[in-house]
Amino acid sequence: MAGNLTTENIYDIEQLRIAGGGEDLPSDTNGKFANNNSLVVSFGEFLIDFVPIVGGVSLAEAPAFKKAPGGAPANVAVCVSRLGGTSAFIGKVGDDEFGRMLANILKENNVDNSGMRFDHSARTALSFVTLRADGEREFLFFRHPSADMRLHESELDINLIKQAKIFHFGSISLIEEPCKSAQLAAMNIAKKSGSILSYDPNLRLPLWPSAEAARKGIMSIWDQADLIKVSEDEITFLTEGGDPYDDNVVMKNLFHPNLKLLIVTEGPAGCRYYTKTFKGRVPGIKVKPVDTTGAGDAFVGGLLSSLASDLNLLQDEKRLREALAFANACGALTVTERGAIPSLPTKQAVLDALTKHHTS
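An unreviewed UniProt entry lists the protein chain under the name fructokinase, with Hibiscus trionum given as the organism. Listed in UniProt under the heading Pathway (unreviewed entry), the comment for the protein chain reads: "Glycan biosynthesis; starch biosynthesis."

Here it is, written out as structure tokens:
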């Protein structure tokens with residue numbers, strides 16, 4: 001069986017060359033050639049997760065907690081870098097030990113952290129995360145206010161944003177000013193510089209004033225994104241009870257005229273994809289879940305690393321499916337270990353998992 005497989009039909013490594021090859025033109029400082037590099041710039045929150053050292057317990061029952069870096073946009077940036085791509089992170093942390101630790105973690109993972117800012121009066125955000133027996137999570141946040149919420153538009157690294165081939169963001173920075181205005185300004189700069197705008201709403205309902213505010217806030221920038229990734233739960237929430245498996249619900253409510261790609265993640269089952277011209281489903285890889293933290297971020301990082309090296313994937317269904325199989329494998333490998341950043345895979349680990357999956 002294995003003898004008939006070629007590298008090409010598992011995953012065309014050359015076609016989906018992960019970022020940073022020799023043909024790319026250097027980007028100049030005013031962003032004129034920005035589209036020719038393969039930089040993924042991720043914008044948003046970066047915090048410390050405190051995770052119980054044993055699974056399946058409530059926060060009150062946890063005997064102790066282990067600290068781990070967290071925050072979806074930062075996870076995506078690290079994932080892209082670990083897969084061999086080029087990435088940068090823009091966001092704010094406290095001028096405290098945790099904030100410095102987070103900046104160093106990016107540096108250690110070859111993520112450009114020059115766009116990070118340090119707040120002298122607000123602390124780095126903390127989140128206590130319980131891992132239930134089924135591997136799913138519950139959150140308790142300490143952000144009253146935290147440093148990430150206090151990023152001002154005047155603190156944005158404009159040259160860095162202009163160099164982004166892909167500019168990735170979530171919705172958590174939209175909850176409070178001044179970081180809401182900072183995100184909208186950054187998106188505008190990226191768009192004008194020719195970047196692809198990538199959006200993962202990453203719903204965290206407890207952080208919003210109300211469910212209605214969350215729905216309104218998340219949808220407020222929907223039409224500006226070129227690429228959107230949502231989960232089944234987020235579809236049900238955003239459509240106020242719509243069936244996430246109904247293509248008509250998805251297309252009618254969530255697809256907009258300028259959208260290049262809409263992805264619906266289905267956890268271990270894989271993902272669905274929708275473009276103007278085609279749609280379909282790519283099955284996932286079966287693994288034993290230990291901790292689902294960061295799985296969605298690893299999926300996004302896997303997809304963006306492929307797109308950053310070749311945006312033409314968006315028009316080629318066969319190669320888009322290969323990129324999504326790669327992204328599915330990134331997500332699957334991440335749930336086999338605890339913590340998001342420590343468990344993000346290397347490119348070789350993903351390719352090995354895909355080969356194993358196809359030969360089993």
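Back to the text.
1. With respect to the pairing of strand S2 (residues 47–52)
Taken across its six residues, S2 has six buried, putting it largely inside the fold. Of the two faces of S2, both are covered, the one formed by Leu-47, Asp-49 and Val-51 as well as the one formed by Ile-48, Phe-50 and Pro-52. Where S2 and strand S6 (residues 126–131) come together, three bridges link them in parallel fashion. Residue pairing in the sheet places Ile-48 in a bridge with Leu-126 of S6.

2. A few points about the nonpolar core
In terms of nonpolar packing, the biggest core is built from 56 residues, with Phe-46, Leu-303, Leu-304 and Leu-324 touching the most fellow members. At ten residues, the largest contribution of residues to this core is made by helix H10 (residues 317–334). In this structure, Phe-46 is in contact with Pro-69, Gly-70, Ala-74, Phe-89, Val-93, Leu-102, Leu-106, Met-116, Thr-124 and Ile-341, ignoring residues within four places of it in sequence. Counting 46 residues, the second largest nonpolar core, distinct from the first, contains Phe-141, Leu-156, Ile-221 and Leu-254.

3. Looking at the state of the cysteines
This model, assessed by the stated rule, comprises zero disulfides. Between Cys-330, a cysteine without a disulfide, and Cys-79, which holds the nearest cysteine sulfur, the sulfur-to-sulfur distance is 5.1 Å.

4. Considerations on the environment of Lys-286
Along the chain, Lys-286 turns up in the loop between strand S13 (279–283) and helix H9 (295–309). It is 6.4 Å that separates the C-alpha atoms of Lys-286 and Pro-268, two residues lying 18 residues apart in sequence.

5. Quick look at the sheet that holds strand S5 (residues 112–119)
Note on sheets: strands pair through backbone hydrogen bonds, and any given pair is parallel or antiparallel. Taken together, the nine strands give an open sheet; going across it, the order is S5-S4-S1-S8-S9-S10-S11-S12-S13, and neighbouring strands pair in mixed fashion. Where the open sheet ends on each side, the last strands, each with one partner, are S5 and S13. Put simply, the sheet's adjacent strands are angled 15° from each other on average, direction ignored. Relative to strand S12 (residues 270–274), strand S11 (residues 261–265) is paired through four bridges, and the arrangement is antiparallel. Note on S12: the bridge partner recorded for Ile-263 is Tyr-273.

6. Some points on the sheet that holds S6
With respect to topology, four strands assemble into an open sheet ordered S3-S2-S6-S7, the strand pairing being mixed. For this open sheet the edge positions go to strand S3 (65–70) and strand S7 (137–142), each flanked by a neighbour on one side alone. Neighbour-to-neighbour, the strand axes of the sheet open up by a mean angle of 25°, direction not taken into account. Two strands pair when backbone bridges link them, and S2 and S3 are joined in this way by six bridges, in the antiparallel orientation. Residue pairing across strands places Phe-50 opposite Lys-67, the latter belonging to S3.

Each value, and the rule that gives it
- Residues numbered from 1 in each chain as written.
- Predicted model: local features only at pLDDT ≥ 70, side-chain atom pairs only at ≥ 80, totals over all residues.
- Heavy atoms only, no water.
- UniProt positions renumbered as here; feature names shortened; annotations may be inferred.
- Buried < 20%, exposed > 50% of the residue type's maximum accessible area, 1.4 Å probe, protein only.
- Helix = DSSP H or I, 4+ residues; strand = E, 2+ residues; numbered from the N terminus.
- Pairing = 2+ DSSP bridges.
- Core = buried A, V, L, I, M, F, W, Y, C linked by side-chain atoms within 4.5 Å.
- Contact = heavy atoms within 4.5 Å.
- Disulfide = S-S within 2.5 Å.
- Axes fitted to C-alpha atoms, helices over the stretch in contact; angles between N-to-C directions.

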